[in-house]
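Spelled out, the chains give:
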Amino acid sequence: MRTQIVAGNWKMNCNLDEALHLLNDLKLKDFSKSNAEVIIAPPYTNLYPIHQNLKDSSIKISSQNINENEEGAFTGEISPDMLKSVGVEYVIIGHSERRAIYNETNDVLAKKVTASLKHDFKIMFCIGEKLEQRKADKHFDIVKEQLEKGLFHVSASDMKNVVIAYEPVWAIGTGETASPEQAQEIHEYIRKVLAEKYSQDVADQTSILYGGSVKPNNAKEIFAKKDVDGGLIGGASLDAKSFSEIVMSF
Ligand SMILES: O=C(CO)COP(=O)(O)O
């Protein structure tokens, strides 16, 4: 059975006070009633204090990015070892904002994947097409290419540490969600691509999350689809009530 996951990507939101406040509100929620593993991905500066505050909680911590190098002259960057040392368990790699705004190529993302696995992180690897690519019916080709170039150098045995997050760019922060049927269609396709590359077993064991304007009022319907194993939540993860309602959708 695949792990069901609800992860909150806080993006560049919450100073330390706000982050601790949000965390306290989340800790008051009883996530034990949900079947989902709960992960939060705060900005770098909040990782350590949040880790210190989560010692008695089942909530797991992710970073939103990672640098592919070990150490050295990379001003402004954060290494795998630094993230390990503050209690980070997951890393998000390949978010569409990193690809689009910071020009992270499939090549760089592949290196980040390798570095993360070397340091025993679990990975949430993001893929997804832009609106014009969806309109041109290219979305299947795009996600396949993103997987082939960024992820498929990973061995079958290391795939147990990889979660895929399908996030159509046109649905991120727009209020527009892929319909549950659209999500199921492409998740099923992603699983087929995984089966072709690795094996049916690997495909069946890899969690595939949906991201893009998931809210309390649409989560249940999307998560009910056979190949949707959870969500990567942006905006709604900044509100403890909304986020916990989404977690409780499982
Ligand atoms: O980008 C996302 C999560 O990584 C989705 O963001 P929204 O939920 O705000 O659309």
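Rules and cut-offs
Residues numbered from 1 in each chain as written. Predicted model: local features only at pLDDT ≥ 70, side-chain atom pairs only at ≥ 80, totals over all residues. Heavy atoms only, no water. Axes fitted to C-alpha atoms, helices over the stretch in contact; angles between N-to-C directions. Helix = DSSP H or I, 4+ residues; strand = E, 2+ residues; numbered from the N terminus. Parallel < 35°, antiparallel > 145°, perpendicular 65-115°, else oblique. Left-handed = near helix turned anticlockwise from the far one by under 90°. Contact = heavy atoms within 4.5 Å. Phe/Tyr/Trp six-rings, centres within 6.5 Å; stacked < 30°, edge-to-face > 60°. Buried < 20%, exposed > 50% of the residue type's maximum accessible area, 1.4 Å probe, protein only. Lys NZ or Arg CZ within 6 Å of the ring centre and 35° of its normal. Polar contact = N/O pair within 3.5 Å; in protein donor to acceptor, adjacent residues only side chain to side chain. UniProt positions renumbered as here; feature names shortened; annotations may be inferred. 1 Å grid on protein atoms, 1.4 Å probe; cavity = no way out; pocket = protein on both sides within 12 Å on 5 of 7 lines; lining within 4 Å. Points joined across faces, edges and corners; volume = space filled by probe spheres on them. Nonpolar A, V, L, I, M, F, W, Y, C, P; charged D, E, K, R; others polar.

*Asks:* Honestly, the packing of helix H7 (residues 139-150) against helix H8 (residues 180-197) in this entry has me stumped. Any pointers?
*Replies:* The relative placement of two packed helices comes down to the angle between their axes together with the axis-to-axis distance. Look at H7 against H8: their axes get within 11 Å of each other, and the N-to-C directions meet at 40°. Overall, the two elements H7 and H8 adopt an arrangement that is oblique. The crossing of H7 and H8 is right-handed. Of the residues in H8, those in contact with His 139, Phe 140, Val 143, Lys 144 and Leu 147 of H7 are Glu 185, Ile 186, Tyr 189, Ile 190 and Val 193.

*Asks:* Could you clarify how one ought to interpret the packing of aromatic side chains in this entry?
*Replies:* The geometry of an aromatic ring pair comes down to the distance between the two centres and the angle between the two planes. Across all of its chains, the model carries four aromatic pairs by this definition. Pairing Tyr 166 with Tyr 210 gives two aromatic rings, centres 6.3 Å apart and planes at 50°, and the pair type is tilted. Here Tyr 166 is found in strand S6 (residues 162-166), whereas its partner Tyr 210 is found in strand S7 (residues 208-211), with 44 residues between them in sequence. On the accessibility criterion, Tyr 166 (0% relative accessible area) is buried. According to the relative accessible area criterion, Tyr 210 is buried, its value standing at 0%. The positively charged end of Lys 84 is found above the aromatic ring belonging to Phe 121, 4.3 Å away from the centroid.

*Asks:* Please clarify how the side chain of Ser 63 should be interpreted in this entry.
*Replies:* Assignment of secondary structure puts Ser 63 in strand S3 (residues 60-63). Owing to a relative accessible area of 0%, Ser 63 belongs among the buried residues under this scheme. Reaching out from Ser 63, the side chain makes a polar contact with the backbone oxygen of Asn 65 at a distance of 2.8 Å. Those residues in contact with Ser 63 that sit more than four places away from it in its chain are Ala 41, Tyr 44, Leu 47, Leu 83, Val 88, Tyr 90, Val 91 and Ile 92.

*Asks:* Explain the UniProt feature "binding site: substrate" (unreviewed entry) in the protein to me, please; I cannot follow it from the model alone.
*Replies:* What UniProt calls "binding site: substrate" (unreviewed entry) maps, in this numbering, to Asn 9, Trp 10, Lys 11, Gly 173, Ser 213, Gly 234 and Gly 235. For this annotated set, covering 227 residues, all C-alpha atoms fall within 13.9 Å of each other, a compact arrangement in space. When the annotated set is filtered for residues lining the largest pocket, what remains is Asn 9 and Lys 11. As for its position among the elements, Gly 173 is in the loop between S6 and H8. You can see Ser 213 is positioned in the loop between S7 and helix H10 (219-223).

*Asks:* I would appreciate a short explanation of the layout of surface pockets in the present structure.
*Replies:* Empty pockets left among the atoms are what a rolling probe the size of a water molecule brings to light. If you add up the space inside the largest pocket, you get close to 520 Å³. Residue composition of the lining of the largest pocket, by class: eight nonpolar, five polar and four charged. Reported here for the second largest pocket is a volume of approximately 270 Å³. Along the wall of the second largest pocket there are 15 residues; nearest its centre are Arg 99, Gly 128, Lys 130, Gln 133 and Gln 146. When contributions to the lining of the second largest pocket are tallied by element, the ones reaching two or more residues are helix H4 (96-101) and H7. Broken down by class, the residue content of the lining of the second largest pocket amounts to four nonpolar, six polar and five charged.

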